[in-house]
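Residue strings, one per chain:
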Amino acid sequence: MKVVTSALKKKGLEIEELPSLLQERIESLKELIEKYNETIDDYESTEERDKDTEAELDKMEDFIASTDQDIANEIRKFTPAANVRNFDRTPEPTYEPTPKRTPEPTYEPTPEPTPQPQPTPEPQPEPEKKKDSGLGFLVIGALLLVGTVGVVNIFKKRWH
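A brief structural summary. The shown structure was predicted, so the numbers you read here are calculated from the model rather than taken from an experiment. (Residues numbered from 1 in each chain as written. Predicted model: local features only at pLDDT ≥ 70, side-chain atom pairs only at ≥ 80, totals over all residues. Heavy atoms only, no water.)

**Some points on the nonpolar core**
So, step 1. Core analysis: the largest hydrophobic core is formed by 18 residues, its most contacted members being Val-4, Leu-8, Leu-18, Ile-26, Leu-29, Ile-71 and Ile-75.
So, step 2. Looking at this core, the element that brings in the most residues is helix H2 (residues 20-45), giving seven residues. (Core = buried A, V, L, I, M, F, W, Y, C linked by side-chain atoms within 4.5 Å. Buried < 20%, exposed > 50% of the residue type's maximum accessible area, 1.4 Å probe, protein only. Helix = DSSP H or I, 4+ residues; strand = E, 2+ residues; numbered from the N terminus.)

**Topic: the packing of H2 against helix H3 (residues 51-77)**
So, step 1. Their axes nearest at 11 Å, the elements H2 and H3 cross at an angle of 160°. Put simply, H2 runs roughly antiparallel to H3. Regarding H2 and H3, the two cross each other, and that crossing is left-handed. (Axes fitted to C-alpha atoms, helices over the stretch in contact; angles between N-to-C directions. Parallel < 35°, antiparallel > 145°, perpendicular 65-115°, else oblique. Left-handed = near helix turned anticlockwise from the far one by under 90°.)

**Some remarks on H2**
So, step 1. The end-to-end C-alpha distance of H2 is 38 Å, a good match for the 38 Å that 26 residues give at a rise of 1.5 Å each.
So, step 2. Among the residues of H2, Leu-22, Ile-26, Leu-29, Ile-33, Tyr-36, Ile-40 and Tyr-43 are the ones counted as buried.
So, step 3. Where H2 is buried, its residues contact helix H1 (2-11) and H3. (Expected span 1.5 Å × (residues − 1). Contact = heavy atoms within 4.5 Å.)

**Describing a negative patch on the surface**
So, step 1. On the surface, Glu-47, Glu-48, Asp-50, Asp-52, Glu-54, Asp-58, Glu-61 and Asp-62 cluster together into a patch of negative charge.
So, step 2. Position of Glu-47 among the secondary structure elements: in the loop between H2 and H3.
So, step 3. The exposure class assigned to Glu-47 is exposed, which follows from its relative accessible area of 78%. (Patch = residues over 30% accessible without salt bridge, like charges linked within 9 Å, V, L, I, M, F, W, Y side chains within 5 Å. Areas by Shrake-Rupley, 256 points an atom, 1.4 Å probe, with all protein chains shown as cover. Salt bridge = Lys/Arg side-chain N within 4 Å of Asp/Glu carboxyl O. Lys, Arg positive; Asp, Glu negative; His and termini not counted. Charge placed at Lys NZ, Arg CZ, Asp CG, Glu CD.)

**Considering a nonpolar patch on the surface**
So, step 1. Nonpolar side chains collect at one region of the surface, where Leu-135, Leu-138, Val-139 and Leu-143 lie side by side and expose about 430 Å² of accessible area between them.
So, step 2. Within the secondary structure, Leu-135 is located in helix H4 (residues 135-159).

**Thoughts on the pattern of salt bridges**
So, step 1. Evaluated as defined, the whole model comprises two salt bridges.
So, step 2. Ionic pairing is found between Glu-56 and Lys-59, a salt bridge with its closest N-O pair at 4.0 Å. With Glu-56 and Lys-59 both in helix H3 and three residues apart, this pair spans about one turn of that helix.
So, step 3. Residue classification places Lys-59 among the exposed residues on the basis of a relative accessible area of 53%.

Structure representation (structure tokens):
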């Protein structure tokens with residue numbers, strides 16, 4: 001955050017004067033830094049030191065630093081809009097002469113290339129289909145029949 005705050009001070013801007021996207025990025029960076037600090041505190045309070053955890057913390061720290069630098073670069077590139085006027089400073093409107101328009105050159109359409117004939121595709125031989133013997137359907141049908149007869153039989157006994 002030090003790089004971002006120094007960029008803001010150099011430009012003489014406040015966070016509220018930035019576009020909403022930059023404001024959101026700064027807020028998410030603040031939250032990330034808070035979570036990182038909490039993680040560091042938790043890690044330092046434990047007695048065990050783990051190289052993998054330290055490597056992850058280093059990666060996180062590098063990410064925070066690069067994000068901080070990216071946001072600062074965006075702030076340096078940012079120029080406040082001329083129509084936004086603050087109470088502290090009011091930028092004077094700048095007038096630029098409009099350049100004369102030159103007529104656009106006309107282009108002749110290029111003829112479309114003639115399509116080359118497509119080679120005829122060779123017919124694919126159809127794979128042989130296996131003939132169903134019907135044995136599976138016969139077994140399933142028999143099981144359903146036996147099950148249905150059994151259920152009907154049970155209901156007959158209950159109702160009589």
